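Below, each chain spelled out in residue letters.
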Amino acid sequence: MSNVLIVAEQAQGALKKATFHALGAGREVARRTGGKLVAAVLGAGVGGAAEELAAHGVEVRVADAPGLEHYLAESYAPVVAQLAKDVGATYVGAGATAFGKDLLPRVAARLEAAMATEVLGFAGDGGAVTFRRPMWAGNVLAEVELATPVKVFTVRTTEFQPAPREGQGSVVPVAASVDPAALRTRFVSFKEVKSERPELTDARIVVSGGRGTKGDFKEVEALADELGAAVGASRAAVDAGWVPNDWQVGQTGKVVAPELYVAAGISGAIQHLAGMKGSKVIVAVNKDPEAPIFALADYGLVADLFKALPELRAKIKAGK
Ligand SMILES: Cc1cc2nc3c(=O)[nH]c(=O)nc-3n(C[C@H](O)[C@H](O)[C@H](O)COP(=O)(O)OP(=O)(O)OC[C@H]3O[C@@H](n4cnc5c(N)ncnc54)[C@H](O)[C@@H]3O)c2cc1C
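Residues numbered from 1 in each chain as written. Predicted model: local features only at pLDDT ≥ 70, side-chain atom pairs only at ≥ 80, totals over all residues. Heavy atoms only, no water.

(A) Representation of the packing of aromatic side chains in the model. According to the stated counting rule, one finds nine aromatic pairs in the structure shown. Ring centres of F122 and F160 lie 5.5 Å apart, and the angle between their planes is 40 degrees; this geometry places the pair in the tilted category. Of this pair, F122 sits in strand β8 (residues 121-123) while F160 sits in the loop between β11 (151-155) and β12 (171-173); the two residues are 38 residues apart in sequence, bridging distant segments of the chain. With respect to class, F122 is no different from F160; both count as buried. A network of ring pairs unites the aromatic residues Y91, F122, F131, F153 and F160 as a single cluster. (Phe/Tyr/Trp six-rings, centres within 6.5 Å; stacked < 30°, edge-to-face > 60°. Helix = DSSP H or I, 4+ residues; strand = E, 2+ residues; numbered from the N terminus. Buried < 20%, exposed > 50% of the residue type's maximum accessible area, 1.4 Å probe, protein only.)

(B) Structural view of unusual backbone geometry. Backbone geometry places Q12, a non-glycine residue, at a positive phi of 50 degrees. Turning to its location among the elements, Q12 is positioned in the loop between β2 (10-11) and β3 (14-15). Q12 gets classed as exposed once you look at its relative accessible area, which sits at 73%. Even without a glycine there, the phi angle at E118 is positive, about 55 degrees. As for its placement among the helices and strands, E118 is situated in strand β7 (residues 114-119).

Honestly, that's just the spatial picture; any functional story needs more than this.
Listed below in C-alpha cells is the structure:
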C-alpha cells in the first residue's frame, strides 16, 4: 500500500487555491494505490489552515513553528522529507506553482526520489502509477514511469478539480525545530504586487495582449477591467519591456485555464498556446487571417485590435 503526501501551500495562514487542486490530484493517486492521502501544512500560526484542510476528509500533519514562518526551500525541504518518511508516503506531490517548483526538487533529492513535473494525469495502479506530462511545449504527451521507491511530482493545477469537502480528517501536530541561524539562506523581505485585478492563474477571465499592441496595452486593460478579468501578455510583449514579466502566459510564463481567454494581437506561437490552450472559450482578435491562433480559437475576429476592443467593450457595457 502506497500512501500519498500532498504539500499544502499557504500565505499568512490562508491556503492557496492550488492546494485544493493538488489535493484533488493526490486523492486520485491514493485511489489508484489504495493508500492513504495525507496533507502537510508548514508555517507559523497555520492551525486554521490545517483545520480547513482536514474538513476535506484528509489526515493533516501540521508543522507549526516560528522558524517556518517565512517559506525557505532550505528549511521546508527537510521537514517535508521527514514527514514523507513518517507517514510512509511513496508518492509526494504539490501544485506546479512557484512554491512547488522550488520546494519539491529538494524534497526529491533528500528522498533519493525520481520526479515528474507539471503532471496532467495519472494511469496505472498499486505501486506503479504513471504520470502523464507535457514535453516540447505541450506538443508531446509523455507517459512517465518513475523507477525509484519514492516518487515525487508536481501537478498542473488547471488539470485537476479541487478536492471537495467530504468527511472530517484529523490534524496531527508534528515537531519541527528550525534554527534560522544554521541556514545558508535567509528571509529578507517579501514584496507583493498589489492589484485590484484578480490573480492571473485564479481569474475566470483573462484578456491578453501581444506584439500587435505595439506596446499600447490601454485597450487590453480597459476590456479586462470591463470584464473583471486579469491581464496577460505574450512573451514578445514582456521581452519588449511593455508589461511586467508576471503577466506572461505560456511555456515559460504562467499556465492559465480560465473560462474565457481573449488573445489580442497574439499570433499563437506554440509556446504561448502551451500556457492557455486549456481555457474553456478562446477568443482571438488578430489582423492576420492566417494567424495560427485562429486554429485554436472558438471565436476569431479578423480585425484591428484598436478598433475591435473598444467596440467589444462598449457592447459589453451596454449589455450589462
Ligand atoms: C524556449 C521558448 C520559450 C518561450 N516561451 C514563451 C511563453 O511562455 N509565452 C509566449 O507568449 N511566448 C513564448 N515564446 C515566444 C514565442 O515563440 C513567440 O515569439 C511569442 O509568443 C510571440 O508573441 P506575439 O504573438 O505577441 O508576437 P508575434 O508572433 O509577433 O504576433 C503578433 C501578432 O499581432 C498581430 N497584430 C499586429 N498588429 C495588430 C493589430 N493592430 N490588431 C490585431 N492584431 C495585430 C499580427 O498579425 C501577429 O499575428 C517562447 C519562445 C521560446 C523559444
